[in-house]
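Each chain, written out:
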Amino acid sequence: MGHATMVMDIDDGFMLDEAFPTPGHEQVKRTGGRIERFLSSDVLDYVRGQAAPAYNTDEMTVLNDFSRTIFYLKPHVFVMVDDIRAPEPHSYNVLLQAGPQSVCKQVEGNGWTIEGGKSQLHCWFTGSQPLETGAQAYPGAESYGEFLRAYTQRLPEARIISVLQPAAFGTGSLVRNTGFESGMQGWTPRANEDLPNHVIDAEVKRSGEFSGRIDHSGYYYSPKVKVDPGTELHTEAWLRTANTTTGGGYLAIHFFGPDKCFKTITTERGTPEDWTHLQLDTVAPEGTQTACIGLYYSGDGSGWFDDATFEIASGMEVVEPTPRATVEPIEGGARGVLVDVDGERVALVTAGGPVVVGENHVVEHDGEFAVVSLGDPWRYVYLQEGTRLSINGQPTLSITPGAPLTAVARRDADGQIRLHAQDSLIPHTEPLADAEARVTVGGG
Ligand SMILES: [Ca+2]
């Protein structure tokens, strides 16, 4: 699950099966995928990869096609179009790994936000067929964090469109899920025979709905975060214990060099019967590359931890969340998306006949894709492997009769039109030197 971009037919049997890889469900080969097409320009980048061979075995053709197309609509948004076709119907799951320090939040319907330590990603999912979305962790691998899943019913083919808007983000904390409100997410419990001792407790908690309990023996580790030597660090947590006549709970900071932990500092071991504040303030020693905190308990009863923070004492930059773009599927997602970000509306239109975009723009093209910034006048237009693109009936890009072209026209601040055109999207193709002779730009 953590290594595939798309997995088929996620059911209980597949989730419980520890055999790896599982042909028919996931990528079975490390090789075979390839970059098929590529273009880079001032206003957008385009790449298409083909991954079907990595899912097929010598005996079995699982996928006839798994093309992932990514448009980078500069500077704010990525649109990813996955086209999947198989000999047998499947439920296709496009996966986004949130990572161990991140939390997935559903905003509305198929709109989500992943919040990480220093960044966030707003996501939307749509497509040619109905889609469901969800966030979950792999049972037993919660410390790797959650993954987002956009998935179809069982179908012989599907097109899933993901819109991704990354941005800087920071809350001032080095760790997420400080109060165990997202369960075990981000925390690594002690493994093996001690694993069942770690319980997310809804009865005893200091904040919110949950705390992290340890029965008898164990610990919760935070993710290891990059820390420079000399950094002043502050960590705190709240501890409560019960039925403890020997041992107790404590808070620790571990410092790591290139491979292993070389220094640990801890609070005194305690057995408080009510919530008690633990705190450590220290300076990262010479040789530190990363550090983590640990919430420890060992004894003959139980210990509970809640509200465990880990911060740089001099303060970390607090970066407010970036407002979400507005994303409107075109014809329910069957014909692309209209993205409204930072005051600019950009439509990505898939192949097909004329289509109404926004309230009153009709976009028509004969290519594989078109991208249109809907300003008046437009800032840029893109036609992929076609001969004409029109907006509201006005010819906007016209290719001189002959083979289809891929062309981008960009309007400079001074009104000058700049053209970039290629007669092929095979990687390393040079742009046409005579683009002006082959492409006519017109219309508002
Ligand atoms: Ca809590």
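Residues numbered from 1 in each chain as written. Predicted model: local features only at pLDDT ≥ 70, side-chain atom pairs only at ≥ 80, totals over all residues.

## As for the overall build of the protein
At step 1: Summing up its helical and strand segments, the protein has two helices and 33 strands in all.
At step 2: If you line up the protein on its principal axes, its C-alpha atoms span 85 × 55 × 40 Å.
At step 3: By residue count, 39% of the 444 residues in the protein fall in the buried class.
At step 4: Sequence separation of 24 or more characterises 58% of the internal contacts of the protein that already satisfy a separation of 6 or more. (Helix = DSSP H or I, 4+ residues; strand = E, 2+ residues; numbered from the N terminus. Buried ≥ 20, exposed ≤ 12 C-beta atoms within 10 Å, placed from the backbone. Contact = placed C-beta atoms within 7 Å.)

## Considerations on the sheet that holds strand β27 (residues 369-373)
At step 1: Strand order across the open sheet formed by seven strands is β22-β23-β24-β27-β28-β31-β32, with antiparallel pairing between neighbours. Two strands in the sheet have a free side with no partner beyond their single neighbour: β22 (326-329) and β32 (417-422). For this sheet the average axis-to-axis angle between neighbouring strands, irrespective of direction, equals 10 degrees. (Pairing = 2+ DSSP bridges. Axes fitted to C-alpha atoms, helices over the stretch in contact; angles between N-to-C directions.)

## Re the sheet that holds strand β33 (residues 439-441)
At step 1: The strand order across the open sheet built from five strands is β25-β26-β29-β30-β33, with neighbouring strands paired in antiparallel fashion. Only two strands of the sheet have a single neighbouring strand rather than two, namely β25 (355-357) and β33. Sheet twist, expressed as the average angle between the axes of neighbouring strands with direction ignored, equals 20 degrees.
At step 2: Where strand β29 (residues 388-391) meets strand β30 (residues 394-399), four bridges bridge the pair, whose relative direction is antiparallel. Looking across to β30, one finds that Ile 391 is bridged to Gln 394.

## A word on the pairing of strand β16 (residues 232-242)
On any regular strand, side chains alternate: one points to one face of the sheet, the next to the other face.
At step 1: Here β16 runs beside strand β19 (residues 276-283); their pairing, made up of eight bridges, is antiparallel. Among the inter-strand pairings, Thr 235 is bridged to a residue of β19, identified as Leu 280.

## With respect to the domain arrangement of the protein
At step 1: Under the domain assignment, the protein is made up of domain 1 (6-171), domain 2 (188-316) and domain 3 (351-441).
At step 2: Domain 1 and domain 3 are separated by 29 Å when their C-alpha centres are compared.
At step 3: Listed per partner, the contact involves 10 residues of domain 1 and 11 residues of domain 3.
At step 4: Secondary structure elements with two or more residues in the side of domain 1 that touches domain 3: β2 (34-40) and β4 (65-73).
At step 5: Sort the elements by how many residues they give to the side of domain 1 that touches domain 3 and β2 lands first, with four residues.
At step 6: Here the residues of the side of domain 1 that touches domain 3 are counted per class, giving seven nonpolar, one polar and two charged. (Domains from an automatic or database assignment. Nonpolar A, V, L, I, M, F, W, Y, C, P; charged D, E, K, R; others polar.)

## Here's the deal with the nonpolar core
Across soluble globular proteins, you tend to see nonpolar side chains buried next to one another.
At step 1: Counting residues in hydrophobic clusters, the biggest one holds 72 residues, and the most contacted among them are Ala 347 and Val 371.
At step 2: Split by domain, this core shows at least three residues from each of two domains, domain 1 (6-171) and domain 3 (351-441).
At step 3: Leaving out residues up to four positions away in the same chain, Val 371 has contacts with Leu 44, Phe 71, Leu 73, Val 346, Ala 347, Leu 348 and Tyr 382.
At step 4: Ranked by size, the runner-up nonpolar core spans 27 residues in total, among them Leu 174, Ile 214, Phe 255 and Tyr 296. (Core = buried A, V, L, I, M, F, W, Y, C linked by C-beta atoms within 7 Å.)

## Section: the environment of Gly 145
At step 1: Assignment of secondary structure puts Gly 145 in the loop between β9 (132-136) and β10 (147-168).
At step 2: The exposure class assigned to Gly 145 is buried, which follows from the 26 C-beta atoms found within 10 Å.
At step 3: In this structure, the C-alpha to C-alpha distance between Gly 145 and Glu 26, residues 119 residues apart in sequence, is 20 Å.

## Remarks on unusual backbone geometry
At step 1: Note the cis peptide between Phe 20 and Pro 21, where omega equals -10 degrees.
At step 2: Of note, Pro 21 is situated in the loop between α1 (12-16) and β2.
At step 3: For the bond running from Asp 376 to Pro 377, omega is 0 degrees, close enough to zero to count as cis.
At step 4: Of note in this structure, Asn 243 is not a glycine but carries a positive phi near 55 degrees.
At step 5: By the secondary structure assignment, Asn 243 is in the loop between β16 and β17 (247-256).
At step 6: Residue Asn 243 is classed as exposed on the basis of its 11 C-beta neighbours within 10 Å.
At step 7: Residues other than glycine seldom take positive phi values, yet His 428 does so here, at roughly 80 degrees.

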